[in-house]
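Chain residues, written in single-letter form:
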Amino acid sequence: MSDPFVRRSADDYAEGLSDLHPVGAAWLRAEASAPGDDTPRGDDEALSDLTRGLAQVWGDKVDARAADLLFIETDPRQAYEMLPDWERAFGLPDPCSTEVPNLALRRAALIRKLTMVGRQDRQFFIELAASLGYQIRIYEYRPVVCGETRCGDTRPAGHLVYTYARCGVARCGVDPILKIDLSGGDDWVWRLGAPNIRFIWRVSVLNTALRWQRGGVAQCGIDHHCEFGLATDLECVIRRLAPAHSQVLFDYSQVAIGNG
């Protein structure tokens, strides 16, 4: 990638500073800098050395440093020294975040904030959850409506498939005790309830951190056989971006058993 910023060398600054030397009869006459230019310039040896010294500082240090900052720090993918300024301008770090961010995560959060275009469809929230490391399913509710609702199984592709682990086949600590196949769809179109259930939607979290009781470490009667961590960062972000007229519920009943 070419450098879009003009970089000026020490010689460029020396020439520019020399043009600012005082003029007049009190100063030594300099060599003509261009044909026909006989303007008296202060070009004595001490002043010239001072000018060249200043030019070295401005050309090799200040100008190069400024160009580097403009070239690197204006790109959020590379920002380092001015990353805190970027974060302050865009309200980062996100108060919903629960992890200690490193440099890569901070840059990723900034880019996500710059490029995110909000929507109000399922896929937007599914992709948002994926960017945080979660898999989710979203369920919406529609109340029964006379003349429209029909009886029977209204799920799009049949029933759920439950598969239990089999002795001699399943791997201890690896395969889940119960696997639920959600690919067939399990979202009923209509549900019994009050009319305002149409404003409620449910986020089912499919993966999160599971912590199993470990022999020799866990305390009997104190520690649970299995504990799972709540996706507090996901809940915070989705609640913040959810449509204002809606209420979102979070469900952990479909978390895959055996993870962790």
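In what follows, the structure referred to is the one given above.
Just so we're clear, the structure is a prediction, and the values are computed from it rather than from any experiment.

Engineer: How should a negative patch on the surface be read in this particular structure?
Structural biologist: On the surface, Asp11, Asp12, Glu15, Asp19 and Asp60 cluster together into a patch of negative charge. Mapped onto the elements, Asp12 comes out in helix H1 (residues 10–18).

Engineer: I would appreciate a short explanation of the pattern of salt bridges in the present structure.
Structural biologist: Two side chains with opposite charge may pair up if their charged atoms get near one another. The full count for this structure, using the stated rule, is nine salt bridges. The salt bridge partner of Arg106 is Glu87, with a shortest N-O separation of 2.8 Å. Here Arg106, found in helix H4 (residues 103–115), pairs with Glu87, found in helix H3 (residues 83–89); they are 19 residues apart in sequence, far enough to count as distant. Judged by relative accessible area, Arg106 falls into the partly exposed class, the value being 24%. The buried category is assigned to Glu87, whose relative accessible area is 8%. Glu235 serves as the salt-bridge partner of Arg239, at 3.1 Å between the closest nitrogen and oxygen. Of the two residues, Arg239 and Glu235 both sit in helix H6 (residues 232–241), four residues apart, roughly one turn of that helix. Residue Glu235 is classed as buried on the basis of its relative accessible area, which comes to 13%.

Engineer: Could you clarify how one ought to interpret the environment of Ile111 in this entry?
Structural biologist: Among the secondary structure elements, Ile111 is positioned in helix H4. Residues Ile111 and Asp75, 36 residues apart in the sequence, show an inter-C-alpha distance of 9.8 Å.

Engineer: Would you mind showing me how to read the packing of aromatic side chains here?
Structural biologist: Between two aromatic rings, the relevant description is the distance of the centres plus the angle of the planes. Enumeration over the complete set of coordinates arrives at four aromatic pairs. When the centroid spacing of 6.4 Å and the interplanar angle of 25 degrees are considered together, the rings of Tyr13 and Trp58 count as stacked. Remark: Trp58 occurs in helix H2 (residues 45–73) and Tyr13 occurs in helix H1; sequence separation between them is 45 residues. Where Phe124 meets Phe125, the ring centres are 5.1 Å apart and the plane angle is 75 degrees; that geometry is what we call edge-to-face. Take Phe124 and Phe125: they sit in the same class, and that class is buried. Cluster of aromatic residues (ring-pair linked, three or more members): Phe124, Phe125 and Trp201. Positioned above the aromatic ring of Tyr139 is the side chain of Arg202, whose terminal nitrogen or guanidinium carbon lies 4.1 Å from the ring centre.

Engineer: What should I look at first to understand the sheet that holds strand S1 (residues 136–140) in this one?
Structural biologist: Note on sheets: strands pair through backbone hydrogen bonds, and any given pair is parallel or antiparallel. Strand order in the open sheet formed by three strands is S1-S4-S7, with mixed pairing between adjacent strands. Edge positions in the sheet fall to S1 and strand S7 (247–251), since each of these pairs with one other strand and no more. Put simply, the sheet's adjacent strands are angled 25 degrees from each other on average, direction ignored. As paired strands, strand S4 (residues 200–205) and S7 are joined by five bridges and run parallel to one another.

Engineer: What is the right way to read the nonpolar core from this model?
Structural biologist: A general trend in soluble globular proteins is that nonpolar side chains are found buried together. Membership of the largest hydrophobic core comes to 20 residues, with the highest contact counts inside it found for Phe125, Tyr134, Ile136, Trp201, Val203, Leu234 and Ile238. Of all the secondary-structure elements, those providing two or more residues to this core are helix H5 (122–131), S1, S4, H6 and S7. Ranked by residue count, the leading element in this core is H5, at four residues. Residues in contact with Ile136, not counting those within four places in the same chain, are Phe125, Ile126, Ala129, Val203, Ser204, Val205, Leu206, Leu234 and Ile238.

Engineer: What exactly am I supposed to notice about a nonpolar patch on the surface here?
Structural biologist: Among the surface-exposed residues, Leu50, Leu54, Val57, Trp58 and Val62 lie close enough to one another that they form a single nonpolar patch of about 440 Å² accessible area. Structurally, Leu54 is set in helix H2.

How each quantity is defined
- Position labels on residues start from 1 in each chain and follow its written sequence.
- Two thresholds apply to this predicted model, a pLDDT of at least 70 for residue-level local features and 80 or more for giving and counting side-chain atom pairs, whereas whole-chain, interface and lining totals are computed over all residues.
- Hydrogens and water molecules were not included; the side-chain quantities draw on all heavy atoms of the structure.
- Like charges are joined within 9 Å and nonpolar side chains (Val, Leu, Ile, Met, Phe, Trp, Tyr) within 5 Å, but only among residues with over 30% relative accessible area and no salt bridge; these make up the patches.
- In this description, accessible areas are obtained by the Shrake-Rupley approach with a 1.4 Å probe, and a residue is regarded as covered only by the protein chains that are shown.
- Throughout this description, the term salt bridge denotes a Lys or Arg side-chain nitrogen within 4 Å of a carboxyl oxygen of Asp or Glu.
- This count recognises Lys and Arg as positive and Asp and Glu as negative, with His and chain-terminal groups excluded.
- The atoms used to mark charge sites are NZ of Lys, CZ of Arg, CG of Asp and CD of Glu.
- Numbered from the N terminus, helices here are DSSP runs of H or I no shorter than four residues, and strands are runs of E no shorter than two.
- Partly exposed residues are those whose accessible area sits between 20% and 50% of the maximum for their type, while under 20% is buried and over 50% is exposed, using a 1.4 Å probe and protein chains only.
- Planes of paired rings set the category: under 30 degrees apart is stacked, over 60 is edge-to-face and the rest tilted, where pairs are Phe, Tyr or Trp rings (Trp by its six-membered ring) whose centres lie within 6.5 Å.
- Look at NZ for Lys and CZ for Arg. If either is within 6 Å of the ring centre and within 35 degrees of the ring normal, a charge sits over the ring.
- Any two strands are treated as partners once DSSP identifies two or more bridges connecting them.
- For helices, the fitted line uses only the C-alpha atoms of the stretch in contact; every axis is such a line through C-alpha atoms, and the angle between N-to-C directions lies from 0 to 180 degrees.
- Definition of nonpolar core: a set of buried residues of the types Ala, Val, Leu, Ile, Met, Phe, Trp, Tyr and Cys, connected through side-chain atoms within 4.5 Å.
- In this description, contact between two residues means that some pair of their heavy atoms is separated by no more than 4.5 Å.

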